[in-house]
Amino acid sequence: MSQASSERIPTERLVIHNLARATDTRAGLAEDVRAGLSLSPKRLFPKYFYDALGSELFEAICLLPEYYLTRAENEILTRHADEIIREVDGQSLSLIEMGSGSASKTRLVIEALLRRQSELLFIPVDISASALETSSRVLLQSYPALRIEAYAGDYFDGLAALSEVKRGRTLALFLGSNIGNFDADEAHTFLCALRRVLNSGDALLLGADLRKSSEVLEAAYDDALGVTAAFNLNQLARINRELDASFQLRAFRHRVIYNKSAGRVEVYIESLREQTVSIRKLGMQIHFSEGERIHTENSYKYDLEGLSQMASATGFERTRTWTDEREQFSSNLFVCQ
Ligand SMILES: C[S@@+](CC[C@H](N)C(=O)[O-])C[C@H]1O[C@@H](n2cnc3c(N)ncnc32)[C@H](O)[C@@H]1O
């Protein structure tokens, strides 16, 4: 487990543990960029989308007409949050959220919990320290009965730290179909790690995007306004800034393909010409041929049978599923066995 340094903000209701500072995210970025851009085909990792600008761009994506995921999950939680928490055994719950971001949809669950109990401990984990700090302060202003113990860092560092927090009966959230960034093995590893910090009777509410037509899926990740393209290319801008690289953003483009047989949307950055980029802090020169791609993200899409199998293979049972009216998105209650 990484050694967490704690930042106490002058209120007893908020503690932010900055795990990222202890493990040095820049070193993680440098190692992953070196490894990923040495591979063939080249790849980068979705967790590095979320610097301060990337987190803001993701919030803009959530407002786009093509990006139905946020609206659909919001619809489900607006309609069913009270029912969802009634399904979890226990009078008083603590709330964990992995990859909480702005925690906008989380408000619906927090409000449902505070209709049932007089106070609430909320434990968000997010790699974006800026998103975590802003969302924590906004939530504390809205809900006087809330206490927040936040972890800024990678999911797995957060889970290692969480195993030491006393919290009683717990509902964990993993919203926004964040699970879809993992391939099957990684999702299995993540769910097993989460299951280990929960107890029998605790539950996970897992947001999972459902399979649908390639037109709808590709538009959701390649919007007409170009916000998702900016979000994707921002990884190159981040590498320029943090690792002193020479990526010319206009010499690359955003590409999106729905791979139906693999059941995933694949997101790439494609080189528009033959070029060589230097990454000075890594002492690397990276050659791109025209049309060569960097694979930056997968977003897996699910069916309910697959979700049940995923649950039972990792120590959970999928006991209930709610969908939006158009059946585009699912919220699944995985109860710890
Ligand atoms: C797609 S956004 C979803 C945000 C929010 N949960 C929602 O549903 O709108 C993914 C969030 O997970 C965080 N994240 C991505 N990879 C992460 C990782 N490996 N460890 C911790 N947080 C991560 C990002 O910073 C971002 O806030």
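Summary of the structure given here. (Residues numbered from 1 in each chain as written. Predicted model: local features only at pLDDT ≥ 70, side-chain atom pairs only at ≥ 80, totals over all residues.)

Bringing the pairing of strand β8 (residues 203–209) into the picture now. Where burial is concerned, most of β8 is hidden: seven out of the seven residues are buried. Side chains of β8 alternate between two faces, with Ala-203, Leu-205, Gly-207 and Asp-209 and Leu-204, Leu-206 and Ala-208 buried alike. Bridging between strand β7 (residues 170–174) and β8 involves four bridges; their strand directions are parallel. For Phe-174, the partnering residue across the bridge sits in β8 and is Leu-206. The β-α-β motif built from β7, the intervening helix α8 (residues 184–197) and the parallel element β8 has right-handed crossover chirality. The pairing of β8 with strand β15 (residues 329–336) spans seven bridges and is antiparallel. Bridge pairing in β15 places Leu-206 opposite Asn-332. (Buried ≥ 20, exposed ≤ 12 C-beta atoms within 10 Å, placed from the backbone. Helix = DSSP H or I, 4+ residues; strand = E, 2+ residues; numbered from the N terminus. Pairing = 2+ DSSP bridges. Right-handed = clockwise from strand over helix to strand, strands pointing away.)

Below, the discussion takes up the site of the ligand. The environment of the ligand is formed by 19 residues, the closest being Tyr-50, Gly-99, Gly-101, Ile-127 and Gly-176. Contributing elements (two or more residues each) for the shell around the ligand: α3 (52–61) and β5 (120–126). Taken together, the residues of the shell around the ligand sort by class into seven nonpolar, eight polar and four charged. (Near = placed C-beta within 6 Å. Nonpolar A, V, L, I, M, F, W, Y, C, P; charged D, E, K, R; others polar.)

Another aspect to go through is helix α4 (residues 68–86). Between the first and last C-alpha of α4 there are 27 Å, a value that for 19 residues agrees with the 27 Å anticipated at 1.5 Å per step. Of all the bends found along α4, the most pronounced is centred on His-80 and spans about 70°. Taken together, the buried positions of α4 are occupied by Tyr-68, Leu-69, Thr-70, Ala-72, Glu-73, Ile-76, Leu-77, Ala-81, Ile-84 and Ile-85. At its buried positions, α4 is contacted by α5 (106–116), β7, β8, α9 (214–220), β14 (316–323) and β15. (Expected span 1.5 Å × (residues − 1). Bend = angle between axes of the 7 residues up to and from the residue. Contact = placed C-beta atoms within 7 Å.)

Once that is clear, we can look at the nonpolar core. Membership of the largest hydrophobic core comes to 93 residues, with the highest contact counts inside it found for Leu-95, Ala-172, Leu-173 and Leu-204. Among the elements that make up this core, the one with the highest residue count is α4 (eight residues). (Core = buried A, V, L, I, M, F, W, Y, C linked by C-beta atoms within 7 Å.)

This part is about the pairing of strand β6 (residues 146–152). In terms of burial, β6 is largely enclosed, as six of its seven residues are buried. Looking at chain direction, strand β2 (residues 14–18) and β6 are connected through five bridges and run parallel. Each residue of the ladder has a partner; that of His-17, found in β6, is Tyr-151. Note that β5 and β6 share five bridges and pair parallel. Across the sheet, residue Val-125 finds its bridge partner in β6, namely Tyr-151.

Strand pairing in a sheet takes place through backbone hydrogen bonds and is either antiparallel or parallel in direction. The sheet built from four strands is open, its strands ordered β3-β13-β10-β9 with mixed pairing. In this open sheet, the two strands that pair with only one neighbour each are β3 (42–43) and β9 (252–259). Of the pairings in the sheet, the one linking β3 to strand β13 (residues 293–300) comprises two bridges and is parallel in character. Residue Lys-42 lies in a different strand from β13, and its bridge partner there is Ile-294.

To characterise two packed helices, one gives the angle between the axes of the helices and the distance between these axes. At a minimum axis distance of 9 Å, the contact between helix α7 (residues 155–162) and α8 shows a crossing angle of 15°. Judged on the interaxial angle alone, α8 and α7 are roughly parallel. Every pair of crossing elements has a handedness; the one defined by α7 and α8 is left-handed. On the side of α7, the interface is formed by Tyr-155, Phe-156, Leu-159 and Leu-162, while α8 contributes Phe-190, Ala-193, Leu-194 and Val-197. (Axes fitted to C-alpha atoms, helices over the stretch in contact; angles between N-to-C directions. Parallel < 35°, antiparallel > 145°, perpendicular 65-115°, else oblique. Left-handed = near helix turned anticlockwise from the far one by under 90°.)

So, on to the packing of α3 against helix α10 (residues 227–243). Between α3 and α10, the shortest axis-to-axis distance is 9 Å and the interhelical angle comes to 160°. Between α3 and α10, the crossing angle belongs to the class labelled roughly antiparallel. The crossing of α3 and α10 is left-handed. Residues Leu-53, Gly-54, Leu-57, Phe-58, Ala-60 and Ile-61 of α3 form the contact with α10, whose participating residues are Val-227, Thr-228, Ala-230, Phe-231 and Asn-234. Partitioned by chemical class, the residues of the contact of α3 with α10 number eight nonpolar, three polar and no charged.

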